[in-house]
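So the chains spell out like this:
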Amino acid sequence: MAPLCRKIVAMPLITFEGSEGCGKSTQVKRLATRLEKCGIEAAVFREPGGTAIGEAIRHLLQHSEENRGMTSETQLLLFEASCSQLVREKIQPALQRDEWVICDRFFDSTTVYQDAARQLDLGLVENLNAFAISNCLPDLTFVLDLDRATARSRLGNRKKIRDRMEEESDEFHEPVIRTYRELAENESKRVVLIDGRISVEAIEQQVWNVLTQHFPNLGRHQIPNIRHQTS
Ligand SMILES: Nc1ncnc2c1ncn2[C@@H]1O[C@H](COP(=O)(O)OP(=O)(O)OP(=O)(O)O)[C@@H](O)[C@H]1O
Ligand SMILES: [Mg+2]
């Protein structure tokens with residue numbers, strides 16, 4: 001890592017959020033690549049997942065046969081278990097090593113999905129989130145705002161096993177999209193809403209602009225005319 005870049009680092013934890021298929025993983029990859037061009041190696045994780053325990057939980061939540069009978073309470077506790085393991089096993093150590101951390105979904109997903117589903121007490125969810133994330137509140141959270149129809153058509157182009165959330169109906173996804181917008185309004189210092197309908201490159205640039213505002217030294221190490229990978 002270039003010595004100048006090390007000085008920029010104030011243990012940033014950046015998260016990407018939004019409804020299914022809004023472009024989170026695409027932008028996580030883009031940002032990690034862009035930081036790498038600045039000499040900054042970012043640790044990249046996904047939630048749920050990111051650890052052996054978390055990946056087992058992810059499978060249980062998303063693809064296993066057993067999840068059909070899962071109660072909302074069990075689902076919430078599994079999300080929290082994955083998150084607390086990721087924080088303690090991976091995120092805290094990475095931040096202590098002065099590494100950047102990028103997370104593809106984090107605790108906001110739990111709040112938003114539970115809020116949208118309106119099955120469990122939100123105060124309880126927030127307390128469990130606080131317990132799970134400990135001191136790891138993200139410095140910046142990017143929410144990619146994308147309507148369901150566009151997301152559905154994009155996901156239709158993707159060849160992968162469709163997970164449990166993707167099988168949920170539009171009536172489930174619409175409140176999720178709305179609740180993410182409310183989150184961005186209510187926590188405008190930390191949460192940045194980006195229009196997910198624009199091109200991959202334009203979103204990447206908006207993310208970069210916000211980051212360089214927050215970490216002014218970052219821009220000075222920006223390499224012009226970066227060639228983008230196709231994701
Ligand atoms: N800005 C964009 N414009 C057009 N297509 C996009 C854009 N961003 C992502 N895509 C495409 O949309 C699909 C979903 O993107 P991606 O996997 O990044 O979304 P995601 O939010 O991570 O989805 P999931 O919630 O399932 O993890 C992919 O095929 C991706 O190439
Ligand atoms: Mg993804």
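Keep in mind that this is a model prediction, so the values were computed, not measured.

Conventions and cut-offs
As a convention, each chain's residues are numbered from 1 in the sequence order in which they are written. Chains carry letters from A onward and ligands carry numbers from 1 onward, assigned in written order. Where totals are concerned, whole chains, interfaces and linings use all residues; where local detail is concerned, this predicted model gives features only for residues with pLDDT of at least 70, and gives and counts side-chain atom pairs only at 80 or more. Whether a residue is near a molecule or strand depends on its C-beta atom, placed from the backbone, lying within 6 Å of it. Under the DSSP-based scheme used, a helix requires at least four consecutive residues in state H or I and a strand at least two consecutive residues in state E, with every element numbered from the N terminus. Ten residue types, Ala, Val, Leu, Ile, Met, Phe, Trp, Tyr, Cys and Pro, are classed as nonpolar, four, Asp, Glu, Lys and Arg, as charged, and the remainder, Gly among them, as polar. Strands were regarded as paired on the criterion that DSSP finds at least two bridges between them. Here an angle of 0 to 180 degrees is reported between the N-to-C directions of two axes, which are lines fitted to C-alpha atoms, with helices fitted over the stretch in contact. Note that contacts rest on C-beta atoms placed from the backbone: two residues are in contact if these are within 7 Å. An angle counts as roughly parallel when it lies under 35 degrees, as roughly antiparallel when it exceeds 145, as roughly perpendicular when it falls between 65 and 115, and as oblique in every other case. Left-handed is the label given to a crossing in which the near helix is rotated counterclockwise from the far helix by less than a right angle, and right-handed is the label when the rotation is clockwise. Helix span, expected: 1.5 Å multiplied by one less than the number of residues in the helix. Residues with at least 20 neighbouring C-beta atoms inside 10 Å of their own are called buried, those with 12 or fewer are called exposed, and the rest are partly exposed, where every C-beta is derived from the backbone. Working note: the arc is built from the helix axis to C-beta atom directions.

Peer 1: Would you mind going over the site of ligand 1 with me for this structure?
Peer 2: Lining the immediate surroundings of ligand 1 are 15 residues, of which Gly 23, Lys 24, Ser 25, Thr 26 and Arg 154 lie closest. Going through the elements one at a time, α2 (24-37) and α10 (200-214) are the ones with two or more residues in the shell around ligand 1. Ranked by residues supplied to the shell around ligand 1, first place goes to α2 with three residues. Per-class residue counts for the shell around ligand 1 are three nonpolar, eight polar and four charged.

Peer 1: I would appreciate a short explanation of the sheet that holds strand β1 (residues 13-17) in the present structure.
Peer 2: Sheet strands associate in pairs through backbone hydrogen bonding, adopting either a parallel or an antiparallel arrangement. Strand order in the open sheet formed by five strands is β2-β3-β1-β4-β5, with parallel pairing between adjacent strands. Edge positions in the open sheet fall to β2 (42-46) and β5 (191-195), since each of these has one partner strand only. Between one strand axis and the next, the sheet turns by 20° as a mean value, whatever way the strands run. The sheet contact formed by β2 and strand β3 (residues 100-104) spans five bridges and is parallel. Residue pairing for β3: Arg 46 is matched across the bridge by Asp 104. Contacting β1, β4 (140-145) and β5, helix α9 (residues 170-186) runs over the sheet at an angle of about 145° to β4.

Peer 1: Got a minute to help me understand the packing of helix α5 (residues 107-117) against α9 in this structure?
Peer 2: Where α5 meets α9, the axes come as close as 9 Å, and the angle between the chain directions of the two elements is 125°. The orientation of α5 with respect to α9, classified from their angle, is oblique. Helix-helix and strand crossings are classified by hand; for α5 and α9 the assignment is right-handed. On α9, the residues touching Asp 108, Val 112, Tyr 113, Asp 115 and Ala 116 of α5 are Pro 175, Val 176, Thr 179, Tyr 180 and Leu 183.

Peer 1: In this structure, what is going on with α2? I would like to understand it.
Peer 2: Since the α-helix turns once every 3.6 residues, residues separated by three or four places project in the same direction. Between its terminal C-alpha atoms α2 stretches 20 Å, which fits the 20 Å expected from 14 residues at 1.5 Å a residue. Among the residues making up α2, those that are buried are Lys 24, Gln 27, Val 28, Arg 30, Leu 31, Arg 34 and Leu 35. Projected onto a plane normal to the axis of α2, the buried residues spread over an arc of 165° and lie on a single side. Exposed residues on α2 whose side chains face more than 90 degrees from its buried face are Glu 36 and Lys 37. Taken together, the buried residues of α2 touch β1, β2, β3, β4 and α10. Trailing α2 by a residue or two, Gly 39 shows a phi angle of about 85°, which is positive.

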